[in-house]
Amino acid sequence: MLGAQINPLIAFCPNNNEVHIYKMLEGKWEKIHVLHKHDQLVSGIDWSRRTDQIVTVSHDRNSYVWSQEASEWVPTLVILRLNRAALCVQWSPKENKFAVGSGAKTVCICYYEQENNWWVSKIIRKRHDSSVTSIAWHPNNILLATTSTDGKCRVFSTFIKGVDTKHTSSGSDSKFGELKALISFILQRIVLYLFTYLIVSVTLFAVQQIMQLDLSRSWTFGIRWSPSGNTLAYAGHDSMIYFVDEIGPSPSAQSVAFRDLPLRDVLFLSERMVIGVGYDCNPMVFAADERGLWSFLRFLDERKQTSNAKYGSQLSGTFGKLYGQSKSGSNEANESSRTRAHDNCITSVVPLKKTRDATVTTFTTAGSNTFQHLMDGKVVTWDLQQQQDLMEYLQG
Amino acid sequence: MANSLRLYLTCIRNTLDAALCLQNFPCQEVERHNKPEVELKTSPELLLNPVVYGPLVLICRNEAEKCLIETSINSLCISLKVKQSDELENILTKKFLRFLSMRAEAFQVLRRKPVQSFHTFLMVVGYSTVYYTQGYDISFLITNYHCEDMQKQKLIEFIVQFMEDIDKEISELKLSVNTRGRLVATEFLKQFI
């Protein structure tokens, strides 16, 4: 998809205030850059494919957008106007804006203003009752879904005049945008200068909450849209995963309860297959059958191990949070380890390689680990080509 | 007797397995801070249940022995009440556990003061009223940082092992006190024979 880059790159935060960028050179990962600007733990990283920018947010309420200039990464501060830690970040599908969820019970939508040459943020206030743990953009670049520790999942329409064109929005949203544009035009002619500024800024970005889902009774994490944007999936801390179909016209929700420990993050591999990762240290596969009913299929890592001998010597370690994407589709050999891949909770999962129709065949997971001497977290790549029974769900 | 101990410990082990799903969570009340929410108790939604004092799982073996587990998003507090059948055991337990609590830094997961229960009884003694606060004997505070540095299974093993060993220790101490008392008394009274 991208230019002629052969080696994939990975960016992650090893549980401190830095971001490490590794490159795959001859079958081994080499550290090529360290981005050092934040004061506290970096809680979210996202790498945009087309514009080649990394956005990082941290517990110190700041966010930086890094762009590469002549083999150095240069940060640009983004004024988020947050008064609590930022918890998660994601570029929108068109990569012209990104959203940040925070512990201040708000979500910031940031976009680039060409005239002033800086990143502006608009804040969604008063909608969430607690910290926003995870956010996900719909493929249409307008809808944003959020999960929070108050157990609710909310979907917002974040149309920004001047940034989003009318072609990108769906039917109801374009009317909304048009109406607002008309009102602002009239008001500019009639009202006094001071009031005009106030009202225009409000109509430029008026958040509309489309839906609030109250399915879970405990904290919710890891929200994702399916590749077509038809289905929403998120995990609750009560060991449940929720699937919501047909967001617009008539939403229908399913919840799948499982016996094991809760999940932290989910990933859609195709329309009908979802990977969940969490406190079980083992990725779980959920699949939908022809009727659209989701159920738990199996664990990915079936190999059992006798763990006693190994644990004795492992006492210290840090956990690496992995965000980041490969820059091209390469034939990277998979590295799923022979014994149980993760020793401790898996915190996130990201896709590594996508086929033409946006199904993901390889992905990486990262989590806490207890790795002797090496201070990086375990990053494991999983390749689904070898799991024949799962291939049929990928075509769906 | 041993059977009920097994059941008690299995129940605690399973509860801890589910409760030790902790993650890093910055404080919602104070910026740039990261506090164990189970100690803070200011945001009820972070204490796993929308109940004012958070989810309290109380596992009782009998009236005298119980275990209180309070959970939150980034921390866990386990408070134990050890069986004390007579006055001597009372004193021994108090002294022994105080000894351990004073050295809480070496244990890392220990809390310096045991948790006091929320139930206070009003007792009328003579012409004065006395507030009687039920408490626990020892408390552990496990945060997400401990889970990152140490194995979760090892932490649970440690807690359960501690509970088993406490009973043995106290009875050993009691035995040695009685033995010493007997020896001393025998020696002392020999002079009167």
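Here goes a summary of the coordinates provided. (Residues numbered from 1 in each chain as written. Chains lettered and ligands numbered in written order. Predicted model: local features only at pLDDT ≥ 70, side-chain atom pairs only at ≥ 80, totals over all residues. Heavy atoms only, no water.)

## Observations concerning the sheet that holds strand β7 (residues 72-78) of chain A
Residues and elements named next belong to chain A. Defined as follows: Here, any two strands with at least 2 DSSP bridges between them count as paired. A run of H or I in DSSP becomes a helix once it reaches four residues, and a run of E becomes a strand once it reaches two; helices and strands are each numbered from the N terminus. With axes taken as lines fitted to C-alpha atoms, and helix axes fitted only over the stretch in contact, angles between N-to-C directions fall between 0 and 180 degrees.
As summarised here, the arrangement of the four strands in space is β4-β5-β6-β7, forming an open sheet in which the pairing is antiparallel. At either margin of the open sheet sits one strand with a lone partner, and together these are β4 (42-47) and β7. Geometrically, the sheet is characterised by an average inter-axis angle of 25 degrees between neighbouring strands, direction not taken into account. As judged from the five bridges shared by β4 and strand β5 (residues 53-58), these two strands associate in the antiparallel manner. Within the sheet, the bridge partner assigned to Asp46 lies in β5 and is Val55.

## What about helix α3 (residues 87-102) of chain B?
Residues and elements named next belong to chain B. Definition in use: A helix is expected to span 1.5 Å for every residue after the first. Note on classification: 1.4 Å probe, protein chains only; a residue is buried when its accessible area is under 20% of the maximum for its type, exposed when over 50%, partly exposed between these limits. Starting at the helix axis, one direction is taken to each C-beta atom, and the arc is that of these directions.
Its 16 residues give α3 an end-to-end C-alpha distance of 23 Å, which sits within 8% of 22 Å, the value for a rise of 1.5 Å per residue. Every buried residue of α3 is accounted for by Glu89, Leu92, Thr93, Phe96, Leu97, Leu100 and Ser101. Within α3, the buried residues cover an arc of 155 degrees as seen down the axis, which keeps them to one side. Turned more than 90 degrees from where α3 packs its buried face, Glu87, Lys94, Lys95 and Arg98 sit exposed.

## Topic: the sheet that holds strand β8 (residues 86-91) of chain A
All names here are of chain A. In space, the four strands of this open sheet follow the order β8-β9-β10-β11, with antiparallel pairing throughout. Edge positions in the open sheet fall to β8 and β11 (118-124), since each of these has one partner strand only. Taking the axes of each pair of neighbouring strands and ignoring which way they run, one obtains an average angle of 25 degrees across the sheet. Bridge analysis of strand β10 (residues 107-113) against β11 gives seven bridges, and the strand direction is antiparallel. When the sheet's bridge partners are listed, Cys108 is paired in β11 with Ile123.

## So, the nonpolar core
Residues and elements named next belong to chain B. Which entries qualify depends on this criterion: We call a set of buried residues a nonpolar core when its members are Ala, Val, Leu, Ile, Met, Phe, Trp, Tyr or Cys and they connect through side-chain atoms within 4.5 Å of each other.
Of all hydrophobic cores here, the largest spans 34 residues; its most connected members are Ile78 and Ile142. When contributions to this core are tallied by element, the ones reaching two or more residues are α1 (2-19), β2 (66-71), β3 (75-81), α3, β6 (138-143) and α6 (152-190). At eight residues, α6 tops the list of elements feeding residues into this core.

## A few points about the pattern of salt bridges
Here is the rule: Definition used for salt bridges: Asp or Glu carboxyl oxygen within 4 Å of a side-chain nitrogen of Lys or Arg.
A complete count under the given rule lists 19 salt bridges over all chains for this structure. Arg111 of chain B is the partner of Glu39 of chain B in a salt bridge, and the nearest nitrogen-oxygen pair spans 2.9 Å. Here Glu39 of chain B is found in helix α2 (residues 37-40), whereas its partner Arg111 of chain B is found in the loop between α4 (104-107) and β4 (116-125), with 72 residues between them in sequence. Taken together, the shared-partner salt bridges in this structure form one network comprising Arg61 of chain A together with Glu31 and Arg32 of chain B.

## Details of the state of the cysteines
Here is the rule: Here, two cysteine sulfur atoms that lie within 2.5 Å of each other are counted as a disulfide.
Counted by the stated rule, this structure contains zero disulfides over all chains. This cysteine, Cys153 of chain A, is not joined by any disulfide, and Cys88 of chain A carries the nearest cysteine sulfur, 12 Å off. Here Cys27 of chain B is not disulfide-linked; the sulfur of Cys77 of chain B is the nearest cysteine sulfur, at 17 Å. Its relative accessible area of 3% is what places Cys27 of chain B among the buried residues.

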